[in-house]
Structure formats: structure tokens, C-alpha cells
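# Architecture and fold: a report
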Amino acid sequence: MSNPTRTNDAANDSWWRSAVIYQVYIRSFADGDGDGTGDIAGLRSRLQYLAYLGVDAIWINPWYPSPLADGGYDVSDFRDIHPAYGTLEDARKLLAEAHQLGLRVILDIVPNHVSDQHAWFQQALAAPPGSPERERFVFRDGRGEGGSLPPNDWYAAFGGSTWTRTPDGQWYLHLFAPEQPDLNWDNAGVRAEFESILRFWFDLGVDGFRIDVAHGMAKDPALPDLGLTEFSVIAGEGQEGHPHWDRDDVHDIFRSWRVIADSYPDPRVFVAEAHVRPGRLADYLRPDQLHTAFNFDFLKCALEADKLREVIDRTITDLAKVGAPATWVLSNHDEARHVTRYGRAHTGVTTPMRDQGHSTDLALGTRRARAAALLMLALPVGAYIYQGEELGLYEVEDLPESVLQDPTWERSGHTVRGRDGCRVPLPWTGDTPPFGFGTFVSAAPWLPQPDAWKSYTAEANQADRTSMLQLYRSALRLRRTNPGLRGEEFRWLDSPPGTLLFERGTGLLCAVNLSDQPIPLPDASSPLIASGPLGKDGVLPPDTTVLLHWD
Ligand code: BGC
């Protein structure tokens, strides 16, 4: 491998502990061939931007062949690239170029389900009930007269039943859309296939995987009724004794995956997407399982000092028990962008995928997003940045109904718009759409960008010394140069109600004011970087974070 930073010393083996990982939603990042869809060529052309931003790694959302019924989380071939995104050869070039720049590359693996167009599912449909082909999935006879009712009462995440009937009368399980049949992880062939897929990409040089729906892969074979209402399906994630979320037997799968990751001389890493109840995440991060996980408690938390403090404490304490690093995240491709969320009266996420239609003050949301970003990058030790948050992008809530693609829109009978508003293609340059999304020429982007994004392009951000982009760059630079920020030390200090104050290493403080009054800065401290202007006489205004040198 040509990356000069990739050696096998122990410190480098654990690069992931303190990494800042940038999420690339490839369909919307940059379009190299001008067809209106992002691709690998576009991503390659913007790698310098990411290196200069100062992140350690990128995580690329699914780039495999897919009918895109769920934005690529419906994979039809796990060992290839979607033709709209490029080829395996492009992937090889991307890996080499990213590694040259010192950027690690993490892919997204989707092991809970496949596309209904995947060869395995097509074979299962063609095979009779009880056949080995059907054993790879969860096929059951229905209930009621002639088996015309679904086998149980489970609701799917995007709406409707988790069961779809096949022409021969049996039903198959899908926790998400009908185009995403669930695999049966009790099947040895399924396990062997995914181990081989992991090796395929590790051999190609990828540095790790984000594991989609890690908490959903194991199911109670009895498939008992849940007695839930449709609305409570997501809130039900991780209830004790739940038949498909966060079951204890899921951990065996990850133990065998860890052996594979560790078998490489430059060990590969796993990041869990696991929505579980408090205290359960650490189980996924035991030393013989996955490396890190997204901190959804932090993402969903209201921007209020007491609540944040509780989540931060719980995260650090819980994960320390298994020796796993804490991570922090504010946005991703499934949630409304945090500039928008923080501009609302209720800043927390209460109903994932359904959080829309509230009145929003974008100026307030932006101020708070800046404060939250600096807080996130000051916390120990890992963090995730969702593409476009460094430009200050907001949720596009007024996309025309005709362009909506999230399966939630159809499955909810056109009542829930879904997640397209955080997936709008990035604005790079210029004054009019497509804002340089196509790096040379461009067809209309697959989702339309708002005209107002002319002041949010990377170019406009670059030209403004006080922009969101400059804030992210400066904070990331400080993380690299200040050992206190890169290490794992963390200590709370007393501060007024509605505020947070903590020390990182020796002599580095972070103060966050989420109250409605300015507060004095600690004695003998001098500001290193602030999310907004500080008041006269060294006070910290509301909705502002500052990092301070402290004698
Ligand atoms: C992904 C979603 C996807 C779902 C089903 C989630 O966790 O982040 O985007 O729709 O899994 O694969």
C-alpha cells in the first residue's frame, strides 16, 4: 500500500480510536461524468478538499449495484459497483489516491437484507417452500383462512407490514421496504457469504465497514406478535426481549467478523449502526466484536446543557467499561440536518424519519450548529461529519413531491416525506444550480438544489473567514496540533446553569453557553477558537462555544 502514513506500529493500528470520519453520500457528493448523479470520479476529484478539511477517513454509503429502492440499501451484488457510480477499477483508484492523502476508506455493508433483485432472492422465489434457497430468507405461511393474513403483526420501518406475499402464497419478511427481503442469519450459507464479501473488499484495500442495521440481524425464530402500533415501531427498537431488535445472539456474528478484520496485518475496523436502548451499545463494542459505533443518543439529544451532560457522561462511562472510544455525531443521511433541527423550538429528535414540518429559524439554527460542532470536535475522541454540514447546509423541506424518492413517501401513503431533504446534492461553486455539482458539465442533479445555496457553496464558504467551513477546518486543525484534544482525558468543571465547561488534557478548556444569558469566561483563560463572536469584556454569548487555553 502506498500510503506513507500506513505503518504497522501500535499507535497507527488504533487510528480509528480518535478519527474524525466524513460521511460521503456518494449519490449527492460530486458528479464526475455530468449525469446529475454523484459518482466515484466526482469523489476522486474532491479528495483534496477532504484532506484539506482535515478529516482522517471517509465512510462511503452503499455504492453497490442496486435498483435504488432505498437509496442503495437494497444491494443486488455486494462485489461490484453501481454503474452510475463507476467500476471496480475506479474504486481501486479511489482507494490508492485516498491512501496517498492519508485518508482511510470505510464502506457500508448491508447484511440485514438484500435487494429483491439479488440473485439469491430471485432463486428463492423460483424455488418451492421449504427449499434451501428459501432458507436464506425468512419465508413463512400466512395466518387465517388460506394463509391470507401475514404471519405476524410486525410493522416495517418505512410503513406497512413487514410481510409481503409471494405468488405461491408464502410470505417473506422485510423489516424495511418490500424490495429489501431480510436474510436469515441462522443460515450457515448466509454467514459464509458475508465473510467472503468482507474479505473481498478488505483484499482490495478498504479499511473498514460501517454495518447497517447491526442491531436487527438476529431474529427470534418463533416470530412472536409484538402488539405494537405502526407509529411505535421505531420507538420499539431495543426493548428488552424484542424479537428482532438488539437480540443477544447477534453478537456471535460480530465475533466471527472481528477475527477476519484482525487477520489483516493492517487491521480493519467495524463501525456499528445500532439503535439500542441506553447501556446496550457497549455490548457491541466488547474487545472481541466491533470497534466503534455511532452515538445516536448524542445526535438525538436536545441542545440543552443538562441533557447533553447526561448523554456525554453516560457515553464515556459505558464505553470505557469495554475499552471502546466514545464517538459523537450530529447528522447523517437519515435525519433532518442539524442546522434545521436546532432552529426549532424542540431541538431533539423525537420521531426518526418523521421529523418535519416545524417552523424553523435558520439563523438561530446555524448559530447553534456552530456551537454544537465545536463542542463535538472538542469531546473525546471520535467524531462523524455528514457531508455538507461543514458548509452549513440546512434540510431542504420543500422538495416538490414529484421528486421524492425515499420509500417512506410511498409506504406512508404520501403522508411522510422521508429523508430526501438531507440528501440534496452538494453545492460546490457558482451562483446558480447545479453549483458545480457536476465537476465539468452537469445534467440537473437528481434532487433539485435551492437557489439560496449560492451562499452555501464550498467556494462561498472558502471566501468567508467566518464561514462554517473555516470553523470546521480550524477546529480540525486544532485537534491535530493540540495533544489534549486528541487524547482521551476529560474532566467536568463547575459552570452556571444552562452551560457546560470541561477540561481536555492540561490547560485546554471548552465552554458551551446554551443558556439565554452571557456568561463570564473562566479566569486566566485565553480563547483559541470560538463558534461565534465573543462579547466585550470576555463574556461568552448564548448559543456559543469557545475553546480556551487555561493557565
Ligand atoms: C440506513 C438507512 C436505510 C436502512 C435500511 C439504515 O440504518 O442508514 O438509510 O434505509 O438502514 O437499510
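Scroll up for the structure.
Here's a quick rundown of the structure. (Residues numbered from 1 in each chain as written. Predicted model: local features only at pLDDT ≥ 70, side-chain atom pairs only at ≥ 80, totals over all residues. Heavy atoms only, no water.)

As a packed pair, helix α7 (residues 188–204) and helix α8 (residues 250–262) sit with axes 11 Å apart at the nearest point and diverge in direction by 30°. In terms of their interaxial angle, α7 and α8 are classed as roughly parallel. Here α7 runs over α8; the crossing is right-handed. Contact with α7, carried on its side by R191, F194, E195, L198, R199 and F202, involves D252, I253, S256, W257, I260 and A261 of α8 and no other residues of that element. Taken together, the residues that form the contact of α7 with α8 break down as 7 nonpolar, 1 polar and 4 charged. (Axes fitted to C-alpha atoms, helices over the stretch in contact; angles between N-to-C directions. Helix = DSSP H or I, 4+ residues; strand = E, 2+ residues; numbered from the N terminus. Parallel < 35°, antiparallel > 145°, perpendicular 65-115°, else oblique. Left-handed = near helix turned anticlockwise from the far one by under 90°. Contact = heavy atoms within 4.5 Å. Nonpolar A, V, L, I, M, F, W, Y, C, P; charged D, E, K, R; others polar.)

A separate point is the site of the ligand. Not every one of the 14 residues close to the ligand is listed here, only the nearest: D70, H113, D212, E273 and D334. At 2.7 Å, a side-chain N or O of D212 approaches an oxygen atom of the ligand. D334 places a polar side-chain atom, nitrogen or oxygen, 2.5 Å from an oxygen atom of the ligand. Taken by itself the ligand offers 310 Å² of open surface, and the protein chains cover 98% of this. Looking at side-chain class alone, the shell around the ligand contains 4 nonpolar, 3 polar and 7 charged residues. (Near = heavy atom within 4 Å. Polar contact = N/O pair within 3.5 Å; in protein donor to acceptor, adjacent residues only side chain to side chain. Areas by Shrake-Rupley, 256 points an atom, 1.4 Å probe, with all protein chains shown as cover.)

Taking strand neighbours across the sheet as the criterion, the 3 strands line up as β4-β6-β5 in an open arrangement whose pairing is antiparallel. Either end of the sheet is taken by a strand with one partner, and the two such strands are β4 (139–140) and β5 (163–165). Across 2 bridges, β4 lies against strand β6 (residues 171–173) in antiparallel orientation. Directly across from F139, in β6, lies its bridge partner Y172. (Pairing = 2+ DSSP bridges.)

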